[in-house]
Amino acid sequence: MAGDIDPNSVGPQTLAVIAGRDTQRQFGFVNPPVCHGSTIIYPSVERLRDRKVPYTYGSIGGPAHETLETAIAQMEGGYRTRLTSSGKSATTLALLSLARAGDHILVVDNVYRPTRNFTTSVMGRLGVETEFFDPALGGGVSALMRPNTRLVIVEAPGSQTFEMLDVPAVAEAAHAAGAFVLMDNTWASPAYFKPFAHGVDVSVQAATKYIVGHSDAMLGSVTTTRELWDDLDATYKVSGICVGPDDVYLGQRGLRTIHVRLARHMSSGIELAEWLQQRPEVAEVRHPALPSHPGHALWKRDFLGASGLFGIVLKPCSQDAADAFLNALRLFGMGYSWGGYESLIIPVDPRSYRTATTWNANGPALRLHVGLEDVADLKSDLEAGFAALAAAG
Ligand SMILES: *Cc1c(COP(=O)(O)O)cnc(C)c1O
């Protein structure tokens, strides 16, 4: 079952259920076995020599890895996928496989902050020059291309500030200049953005977020086109960047329900975003699914949905008042990461790290992750926060 269904013949929700699953290879079980192990015993010296066995060594992956790798590749529309220990190590693997000394890389200014810092520090030490660009440029990045531009790194929307980006236009400009596009596709997940249908060459997922979906494991994935696969896979096999079977199992388990979870994250997120737009304490709501968002048309054209992550900017208030707001919240936990079933909130300070664009908002900026709770309860929680803000003001 499942293993013999053509993934191109079914709808996206069916694909999330069947992708990578082959019950005949799983002793009939619905889910893949979790094989713990470093060593895999070869049946003969001939098979050891030709390595034509399903699995070769613990760090290269086992049955659970293969299931999730196949599923992510099919859902994102790429050629193949490798799994890593986190979203960060997935980006590290992709960069180590693609960039070489002497290369110039273009990085969108609203990229995930550790990616920004990794390119300027580690990749800089290895002889790669990083230049940041404004996400509003879109196809205008062609003006920044140099003969040695190897890679353009994008994210849409930015996970703290939520500007959209014209991915196909950037891809066209990059390809015309002989460069590749690496996208961090974590915000939309494989369910809501299909990177390879929009010109992306390498897609990275912080599977820690919506794929795992329950805040109980760290996991990353790198998916590439056929053209870039051999380099990626060779780097993977020598780098030791890998992940154990328990976390992979949690990732494949989470992936099966990603469509129902995201549908709720999306509807609750939009409902709260619209409600926040009406609040007198809020200066701005930054959510691409709202028609007032400057990137709304791009989101509507290219994305199949929205996740539960968006930003707000409060009207200017004292630090004490903003702190009182956050400290009064009970359902919105204060914590990094997102993509689990629970609501989260975090203050952000884009002014402190951007270089190609300026952040002009005067009031405190906050990032919300809307979880699977009742929206009425989440509104009550935020109302308590606003009452504390007014009392402290
Ligand atoms: C969290 C995150 C990452 C890194 O993922 P980890 O699994 O925490 O290392 C990368 N990109 C984005 C957009 C993220 O939100």
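Below, the structure is looked at part by part. (Residues numbered from 1 in each chain as written. Predicted model: local features only at pLDDT ≥ 70, side-chain atom pairs only at ≥ 80, totals over all residues. Heavy atoms only, no water.)

Next up on the list: the sheet that holds strand 6 (residues 202-205). On the basis of which strands lie adjacent, the open sheet formed by 7 strands has the order 1-7-6-5-4-2-3 and mixed pairing. Each of the sheet's edge strands pairs with one partner strand only, and the pair in question is strand 1 (80-84) and strand 3 (129-133). Strand after strand, the sheet turns through a mean of 20 degrees between neighbouring axes, direction not considered. Pairing between strand 2 (residues 104-108) and strand 3: 5 bridges, direction parallel. Considered in strand 3, the bridge of isoleucine 105 is made with threonine 130. Along the sheet face, helix 8 (residues 226-239) touches strand 1, strand 5 (180-184), strand 6 and strand 7 (220-224) and points at about 25 degrees away from the line of strand 1. (Pairing = 2+ DSSP bridges. Helix = DSSP H or I, 4+ residues; strand = E, 2+ residues; numbered from the N terminus. Axes fitted to C-alpha atoms, helices over the stretch in contact; angles between N-to-C directions. Contact = heavy atoms within 4.5 Å.)

Under the defined criterion, the tally for this structure stands at 5 aromatic pairs. Relative to phenylalanine 303, the ring of tryptophan 187 has its centre 6.1 Å away and its plane inclined at 65 degrees; by these criteria the two rings are edge-to-face. Of the two residues, tryptophan 187 is situated in the loop between strand 5 and helix 7 (189-192) and phenylalanine 303 in the loop between helix 11 (296-302) and strand 9 (309-314); the sequence distance between them amounts to 116 residues. Phenylalanine 303 matches tryptophan 187 in its accessibility class, with the two residues each being buried. Members of the aromatic cluster, each reached through a chain of ring pairs, are Trp187, Phe193 and Phe303. In this structure, arginine 116 is placed above the aromatic ring of phenylalanine 132, and the distance from its NZ or CZ to the ring centre is 3.8 Å. (Phe/Tyr/Trp six-rings, centres within 6.5 Å; stacked < 30°, edge-to-face > 60°. Buried < 20%, exposed > 50% of the residue type's maximum accessible area, 1.4 Å probe, protein only. Lys NZ or Arg CZ within 6 Å of the ring centre and 35° of its normal.)

Let us now look at the site of the ligand. Near the ligand lie 13 residues; those nearest to it are Gly87, Lys88, Asp184, Thr208 and Lys209. Side-chain polar atom of aspartate 184 to a nitrogen atom of the ligand: 2.6 Å apart, as the coordinates give it. Between an oxygen atom of the ligand and a side-chain N or O atom of lysine 209, the distance comes to 2.6 Å. When isolated, the ligand has an accessible area of 380 Å², and the protein chains bury 93% of it. With respect to the pocket detection grid, the ligand is positioned in the largest pocket. (Near = heavy atom within 4 Å. Polar contact = N/O pair within 3.5 Å; in protein donor to acceptor, adjacent residues only side chain to side chain. Areas by Shrake-Rupley, 256 points an atom, 1.4 Å probe, with all protein chains shown as cover. 1 Å grid on protein atoms, 1.4 Å probe; cavity = no way out; pocket = protein on both sides within 12 Å on 5 of 7 lines; lining within 4 Å. Sits in = over half its atoms within 2 Å of the grid points.)

Once that is clear, we can look at the nonpolar core. Residues Leu276 and Leu382 are the most contacted members of the largest nonpolar core, which totals 103 residues. Ranked by residues supplied to this core, first place goes to helix 10 (residues 258-278) with 7 residues. Ignoring sequence-local partners within four residues, the contact set of leucine 382 consists of Leu272, Trp275, Leu276, Phe325, Leu329, Phe332 and Leu368. Counting residues in each nonpolar core, the second largest holds 6 residues, with Val313, Ile346, Val348 and Trp359 among its members. (Core = buried A, V, L, I, M, F, W, Y, C linked by side-chain atoms within 4.5 Å.)

Strand pairing within a sheet occurs via backbone hydrogen bonds; the two strands may be parallel or antiparallel. Taken in spatial order, the 5 strands of this open sheet run 8-9-12-11-10, and their pairing is mixed. In this open sheet, the two strands that pair with only one neighbour each are strand 8 (282-286) and strand 10 (333-334). Where strand 10 lies against strand 11 (residues 344-348), 2 bridges are found, and the strand directions are parallel. Within strand 11, the residue paired with glycine 333 across the bridge is leucine 344. Along the sheet, helix 12 (residues 319-328) contacts strand 10, strand 11 and strand 12 (365-369); its crossing angle with strand 11, the most-contacted strand, is approximately 160 degrees.

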